[in-house]
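Here is what each chain is made of, one letter per residue.
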Amino acid sequence: MLRAASSPARAAVRGLGFSNSLFRRDSFVYSSFLARHVSNISSLPKDHRYVSSHAHIRESSRTVRLLQERIFFSSSVHPLEAWRLSTHGGCVIANQLLHARHVSTASFELQTDNDVVRFSINKPPHKKGPQTKVKKRIKKSKKAKVNELRFYRLKAKKKMNSPNPEVRIRYKLEKAKRKEEWLIEKLRKFEVPKAPAERYDPEILTEEEKHYLKRTGEKKNNYVPVGRRGVFGGVVLNMHLHWKKHETVKVICKPCRPGQVHEYADELARLSKGIAIDIKPNNTIIFYRGKNYVQPKVMSPPDTLSKSKALEKYKFEQSLEHTSQFIERLEKELEEYHEHLARFKKEKEGAPVHSGAQN
């Protein structure tokens, strides 16, 4: 159907000596002839858009005017059709092209709604979805970055050397709180989701068996150290390696905060499926492997940290602990300074009253 509609226009273009590039599917000439020679307009798509440059629209308009003259004086075209093309259609196209002449790019739209063809020029194409403006990130030069850093350093130095003690304390407090938030965010990355607990039958030991295993564990020299890294995959692996030849193993926790040894005992019992027989005052835990012990295929649990990650986590924890203590000390200093100011104001207000009474 489109080929049949475009054949008269192609013959006219060739007769006038123009190139076939003007008669493309996105050209103005193709759209004008398509609107007149298609028998069933409802078969067209609902929305056609053609975007052409300024020079292309100007050349297309010249071609349309020459085609109108050729068709008007041609005997093969019906007089009524020639009159429509030369009067009404030509005026509409010419008026729209005059408006589009002043822009560099134009949008040509052909709409076929309710069997009516409508043309529109210079309407921006509709884009699906919400239009969001993307802000371009301006790259700063090296000199601008150095100047910005110098400004912040001078600003911080001014606060640190301020004669007002409150300004100095508040600056240190804000800086310490920012560091505390940053450390908490870092520690969240080391949180490992716990694997679902496997079902196993906990063995019930009598008091005599516990006493025997406790004495046996104290006499033997095999042990597993738990240092500053805490409980990680390597500690559980070493426990299983010791249980290959021994029933019990000692776990020595150094350094260890007060009460932390009980946390280590619960965590190791969950990960190794062993039984904590005794916890000594010197932060030593004796573990029993169990009567029906079978060495697992994966001795290092997947829900534990590696050796390097555990050390990195320990450093952040130590820094967070010292930062929290520093914040508490600064808050206490700030409270003492406010109390000192209140006391000084009271003494200053009471001094003139006392001197006036003596006079």
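Just so we're clear, the structure is a prediction, and the values are computed from it rather than from any experiment.

*Asks:* For this particular structure, what's the right way to read the sheet that holds strand β6 (residues 275-279)?
*Replies:* The strands making up a sheet associate through backbone hydrogen bonding, with each pair oriented either parallel or antiparallel. The strand order β4-β5-β7-β6 describes an open sheet built from four strands, whose pairing is mixed. Of all the strands in the sheet, just β4 (223-226) and β6 have a single pairing partner and so form its edges. Adjacent strand axes in the sheet meet at a mean angle of 25° when their direction is disregarded. Sheet analysis places β4 next to strand β5 (residues 248-253), joined by four bridges and oriented parallel. Residue Pro225 lies in a different strand from β5, and its bridge partner there is Ile252.

*Asks:* I tried to follow the packing of aromatic side chains on my own but got confused; where do I start?
*Replies:* Any two aromatic rings considered together are summarised by their centre-to-centre distance and by the angle between their planes. Scanning the model with the defined rule gives four aromatic pairs in all. Ring geometry for Phe190 and Phe316: centres 6.0 Å apart, planes at 45°, overall tilted. Of this pair, Phe190 sits in the loop between α6 (165-188) and α7 (207-219) while Phe316 sits in helix α10 (residues 307-358), and the two are 126 residues apart along the sequence. Given the relative accessible area of 14%, Phe316 is considered buried. Considering the side-chain rings of Trp243 and Tyr293, the 5.7 Å spacing of their centres and the 70° angle between planes classify their relative orientation as edge-to-face. Residue Trp243 is located in the loop between α8 (233-242) and β5, and its partner Tyr293 is located in the loop between β7 (284-288) and α10; the two are separated by 50 residues in the primary sequence. What makes Trp243 buried here is its relative accessible area of 0%. Put simply, the rings of Trp182, Phe190 and Phe316 pair up and form one aromatic cluster.

*Asks:* Explanation requested: the pattern of salt bridges in the structure shown.
*Replies:* Close approach of charged atoms allows side chains with opposite charge to pair. In the structure shown here, the tally under the stated rule is eight salt bridges. The salt bridge partner of Arg188 is Glu185, with a shortest N-O separation of 2.8 Å. With Arg188 and Glu185 both in helix α6 and three residues apart, the pair spans about one turn of that helix. Overall, Arg188 belongs to the partly exposed group, its relative accessible area being 49%. On the accessibility criterion, Glu185 (44% relative accessible area) is partly exposed. With a shortest N-O distance of 3.2 Å, Lys280 and Asp278 are connected by a salt bridge. Assessed through its relative accessible area of 22%, Lys280 is described here as partly exposed. Salt bridges sharing partners connect three or more residues here, namely Glu218, Asp278 and Lys280.

Here is what the cut-offs are and how they apply
- In this convention, every chain numbers its residues from 1, walking through the sequence in written order.
- Only residues with pLDDT of at least 70 are given local features in this predicted model, and only at 80 or more are side-chain atom pairs given and counted; all residues enter the totals for whole chains, interfaces and linings.
- As a convention, hydrogens and water are excluded, and side-chain values are obtained from all of the structure's heavy atoms.
- A strand pair is defined by DSSP finding two or more bridges across the two strands.
- Secondary structure follows DSSP: runs of H or I at least 4 residues long count as helices, runs of E at least 2 residues long count as strands, and numbering of each begins at the N terminus.
- Note on definitions: angles span 0 to 180 degrees between N-to-C directions of axes, and those axes are lines fitted to C-alpha atoms, for helices only across the stretch in contact.
- For Phe, Tyr and Trp, rings pair up if their centres lie within 6.5 Å, where Trp contributes its six-membered ring, and each pair is then called stacked (planes under 30 degrees apart), edge-to-face (over 60) or tilted (otherwise).
- A 1.4 Å probe rolled over the protein chains alone gives each residue an accessible area, and that area as a share of the maximum for its type sets the label: buried under 20%, exposed over 50%, partly exposed in between.
- We define a salt bridge as a side-chain nitrogen of Lys or Arg found within 4 Å of a carboxyl oxygen belonging to Asp or Glu.

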